[in-house]
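Listed here are the chains, written in short residue letters.
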Amino acid sequence: MAGNFFLSLFDYKTEKFIVAKNKRVGVLYRLIQLSVIGYIIGWVFLSKKGYQETDEAIQSSVITKLKGVSVTNTSESGLLVWGPEDYAIPPQGEAVLFIVTNFFETPNQKLGYCAESPKVLDGHCRNDDECKEGKIVVAGNGIMSGRCLRKDKNSTGTCEIYAWCPVERTFKPERPLLANAENFTIYIKNFILFPKFGFTKSNVLETTDDSYLKKCRYDEELHPYCPIFRLGDITKRAGYNFQDMATLGGSVGIMIEWNCDLDKGYSNCHPVYHFTRLDLSVSNTTVTVGFNFRHTRYFKNAAGESYRSLFKVYGVRFNILVHGKAGKFSIVPTAINVAAGLALMGAGTFFCDMVLLYLMKKGDSYRKRKFEGFREKESVSEDSSADRKDALEEENLKTNQ
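Being a predicted model, the structure only gives us computed values, none of them experimental.

Quick notes on the rules
- Residues numbered from 1 in each chain as written.
- Predicted model: local features only at pLDDT ≥ 70, side-chain atom pairs only at ≥ 80, totals over all residues.
- Heavy atoms only, no water.
- Core = buried A, V, L, I, M, F, W, Y, C linked by side-chain atoms within 4.5 Å.
- Buried < 20%, exposed > 50% of the residue type's maximum accessible area, 1.4 Å probe, protein only.
- Helix = DSSP H or I, 4+ residues; strand = E, 2+ residues; numbered from the N terminus.
- Contact = heavy atoms within 4.5 Å.
- Salt bridge = Lys/Arg side-chain N within 4 Å of Asp/Glu carboxyl O.
- pLDDT = per-residue confidence, 0-100.

**Comments concerning the nonpolar core**
Point 1. Residues Tyr-87, Ile-99, Ile-234 and Phe-318 are the most contacted members of the largest nonpolar core, which totals 42 residues.
Point 2. Secondary structure elements with two or more residues in this core: β2 (59-67), β6 (96-115), β10 (185-194), α5 (231-237), α6 (242-248), β13 (250-261), β14 (271-277) and β16 (306-329).
Point 3. Counting residues per element, this core draws most heavily on β16, which supplies six residues.
Point 4. Sequence-distant contacts of Phe-318, that is, excluding residues within four places in its chain, are made with Ala-95, Val-96, Leu-97, Ile-99, Leu-231, Ile-234, Val-252 and Ile-254.
Point 5. Grouped together as the second largest cluster of nonpolar side chains are 12 residues, Val-120, Cys-131, Cys-159 and Val-167 included.

**Examining the pattern of salt bridges**
Point 1. A complete count under the given rule lists 10 salt bridges for this structure.
Point 2. The salt bridge involving Glu-160 is made with Arg-147; its shortest N-O contact spans 3.2 Å. Remark: Arg-147 occurs in strand β8 (residues 143-149) and Glu-160 occurs in strand β9 (residues 157-165); sequence separation between them is 13 residues.
Point 3. The class for Arg-147 is partly exposed, based on a relative accessible area of 45%.
Point 4. Notably, a salt bridge pairs Arg-230 with Glu-182, separated by 4.0 Å at the nearest N-O pair. With a gap of 48 residues between them, Arg-230 in strand β12 (residues 228-230) and Glu-182 in the loop between β9 and β10 connect regions that are remote in the sequence.
Point 5. One network of salt bridges, with partners in common, ties together Glu-182, Arg-230 and Asp-233.

**Observations regarding the confidence of the model for the protein**
Point 1. For the protein, per-residue confidence averages 85 on the pLDDT scale, and 87% of positions sit at 70 or higher.
Point 2. Contacts for the low-pLDDT stretch residues 397-401, under 50 throughout, to residues beyond four places or in other chains number zero contacts.

What follows is the structure in C-alpha cells.
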C-alpha cells in the first residue's frame, strides 16, 4: 500500500473537459473572453502601463527669483521705489513666497502712552476701574495704564495703554498701490529626482540659445517649457483677475506635475503646470478672503531715540507644489498582470458553468456528465466487464482474419 501511494505521487492528473453544444452559452463565453482581453490590453497595459515598475517618491528642490519694479506715493510714506528686495518675502527665493501688492503704513511710532484703538473690544471702558493697571489688552496693542480716556462722561472711551504710539489706524483698502505688480515675473527653477531609477531632471529647457531665458515667457502653446511666469498670467490661468486679488491679497497654488515614461527616453519627460486659487472657501465671504500680515522697520533719530514704522501689507502668496510619477518596464509587474488576466479567464469558465448547471433546462444532464460518482466495487465490476469486452473484440478480430 505504501509503495502504491509513493508511486502514485508521480502520476500526472489532468482535467476532464466536456463540450456543451449550446450556442448561447458559447457566445456568452467568447464575449467574456473578449472583455477580459480588452481590459488587460486596453486598460491594464495601454492606459495604466501595467508592464512598468513605478516610483512616486519624487524628491524635489525649488528655487525662485523675482524681477520687476514699482513706484508708490502716499502721504505716510512719500515717494517709494519697490524692488524685489522690498516686495518679495522672504527674499532668498523659496517654494513659498509672498508678493506685496498693497500696504498701509503707520509711521514714526514711539514707545509711550496713548489711547487703545476703538476696534479692540477689550479696550473699551466707561471708568478707570475697567482699565486695571498692568493688564494686557486682549488682542490689543499694549498694557493698560489704569486710566479710561473718554470725550465726556456719557460716552464710551478706550483705555490708555503703554505701547508703540500712535496705534495703527483703521484702513480699508480700495485699490492696490503696487498696481503694476501684475507685470512682475517669477523664475521657477525645479530639480527633481526619482531615486528608484536614479533619474534626475530640471524644468529649465535645455537649449544652446543663451538669450532664451531672457526673452521667453511661459505659454501653454508657444513656450510650454519656459520657467518664467508673469504674475498677471498666473492669476488669470487660476481663473481670477490680478487687480481684484491684489487689493485684499490672496493665495495661489502652482502645481508642477511630472509624469515620466522612462521607456520613451530622457527627452520625453517634461513638467506640466497647473494653477489654482487656494484662499477661497465655499461661502466666499469677504471676512475669509485675502491674505495680509504686519511687519516693522526700526530706526533711531539723531538723539538716539528708537522709532519704528508699522506696515500692514496685502499681497499674493504663491505656494509651489511638486508631485509626479515615473515608470519603467519590468518583468515582475508584467508577469503579475498577465497572471491576473488568466485568472479572470477562469472566472469566465466558472460563470458559464453556473449558467449551464442552474439556469438551463438540461442542467441535470450536464451535471451528471460533469460530476461522476465513484465506488470501489462498481469500479472492479466495471473493470472486469471492460476486460471481457476487450477480449471478445479481440476474438472477433481473429475470426474475421
